[in-house]
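# A look at the structure
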Amino acid sequence: MIDGLECFVTVVELGSLSRAAVQLEMAVSSVSRKIDALEQELGARLLLRSSRQILVTDAGERFLPRARNILAELADGRNAVQELDVEPRGLLTVTAPAAFGRLHVAPAIASFLQRHPLIEVDLHVSDDVVDLSARRVDVAVRAGVLPASDLVATHLAGMNRVVSASPAYLEKHGWPKSPEDLLNHECLTVNGRVPPRGWWRFQGVNGYQPLPVKGRLRCDDTDSLLHAAISGAGIVHLANWLASDAIVAGQLVPVFPMLPVEKDANVRRDPNEPAIHAVHMPGRSNQAKAQLLIRHLREYFGSPAYWDLAMEAAGAGERRAP
C-alpha cells in the first residue's frame, strides 16, 4: 500500500504518469498498477487517467492530504530510527534568493558542511520562486510573505526595512525629518518588476501605501541599489539583512529610528508580515537531512538575527538627524 500511496501523491504533484515514473525510477506500467491496487484496496477511484491528462476525483481530493500525512509520518519514523546510529549523508538541494543566499545562506551552509562531513549540498541562488516538486528541491529559503501552500514552513528570522543614505549624501542634501520629506530627495527605486513588499511604506503615512518617491536611478537589483547608496547616489529602503554590514561599517546611516530588535524568539508572528522562512515538502526521503539543515540555519542566524544584533551593537538605531 505504501508504494501505491507514493505513486498516487507523486502523480498528483507532477500531473503525469510518465513524469512520476521518472522521479520514482519506475516503469509507467508499474506506477499505474500500484495506483490500481491502491484504488482497489480503498474501494474508490482516485484518478481519472487518459493519454492526454490526469484528473483527480472527489475521492482523490479528499484522500490526498491523508496520503501525504501517512507518507510524512512514515518518513519521519524511518529517519528517526536510521539517525540513531548513522551519520547523516547524501545530497541536499537548496535554493535561496540571490542576495540573501550570497550574504547569509552560503556561509551558513559552509558551517553546516563542516559539522556534517558526509553531506553534500547543491545551492542555487536565484530570485525565481521554484517549484520544489518539479525541481526536486529539498529546502528553499524564502524572503517576504509566504503564500498559502502545502509546504512546511519554518521561521528563520524577522525582516524589516531600513531607510538609509551615505553620510556624504546627507551632508550635501540634508536629513529628512519625516517620511514625507523623502518626496523631496533622490530615492533609489526598483524598476522592471513588482516592488518588494513594504517598499517605501510607513505606518501612519499615506494610508500605508507606498510613497511616490522619485529619483534618477532605478534598478532591478537591490544589491546594486545598496552600492549606489553607499556611493552617495541617494536614499534607499532596504531589508535589514542587506543593509546591516554597510550600516555597521558607517557607509550608510539610518535616516529614521530603527525598529527595536525582537528579543522574544517565541513571540507570535503575523503571517502577513515579511520574514525569512525555510520551506520543504512533507514526506520526502531527504526530510531528516532537510530538517537538520533548517535547524542549523536557525542556530546560525540566531534569535535575534546576528545582523540586527550587529546594528544594535553599533548604535545604528540611536542615530538621529543633527
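Residues numbered from 1 in each chain as written. Predicted model: local features only at pLDDT ≥ 70, side-chain atom pairs only at ≥ 80, totals over all residues. Heavy atoms only, no water.

### Structural notes on the sheet that holds strand β6 (residues 152–158)
Put simply, the rule is: If DSSP finds at least two bridges between two strands, the strands pair. Numbering of helices and strands runs from the N terminus; a helix is a DSSP stretch of H or I covering at least four residues, while a strand is a stretch of E covering at least two. Lines are fitted to the C-alpha atoms to define the axes, a helix being fitted only along its stretch in contact, and any angle between axes, read from their N-to-C directions, falls within 0 to 180 degrees. Contacts are assigned to residue pairs that have any heavy atoms within 4.5 Å of one another.
Judged by pairing direction, the sheet is mixed, and its five strands sit side by side in the order β4-β3-β5-β12-β6 without closing on themselves. Edge positions in the sheet fall to β4 (119–125) and β6, since each has one partner strand and no second. Here the average twist between neighbouring strands, direction ignored, is 20°. Across the face of the sheet, helix α10 (residues 287–301) comes into contact with β3 (90–96), β4, β5 (139–144), β6 and β12 (275–280) while running at roughly 15° to β6.

### Quick notes on the sheet that holds strand β11 (residues 253–254)
Reading across the sheet, the three strands line up as β10-β7-β11 and stay open at both edges, with antiparallel pairing between neighbours. With partners counted over all chains shown, the strands left at the sheet margins are β10 (236–239) and β11, one partner each. Inspection of the sheet shows strand β7 (residues 161–165) paired to β10 by four bridges, in the antiparallel sense. The residue of β10 that forms the bridge with Val 162 is Leu 238. Helix α9 (residues 240–248) rests against β7, β10 and β11 of the sheet, and its axis sits at about 110° to β10.

### Examining the pairing of β3
What counts, and what does not: Note on exposure labels: buried denotes an accessible area under 20% of the residue type's maximum, exposed denotes more than 50%, and partly exposed covers the range between, all computed with a 1.4 Å probe on protein chains only. With its strands directed away from the observer, a crossover is right-handed exactly when the path from the first strand over the helix to the second travels clockwise.
Within β3, five of the seven residues are buried, which leaves it mostly tucked inside the rest of the structure. In terms of strand pairing, β3 meets β4 through seven bridges, oriented parallel. Paired with Ala 96 across the two strands is Val 125, which belongs to β4. In the classification by handedness, the crossover that spans β3, the intervening helix α5 (residues 98–115) and the parallel β4 is right-handed.

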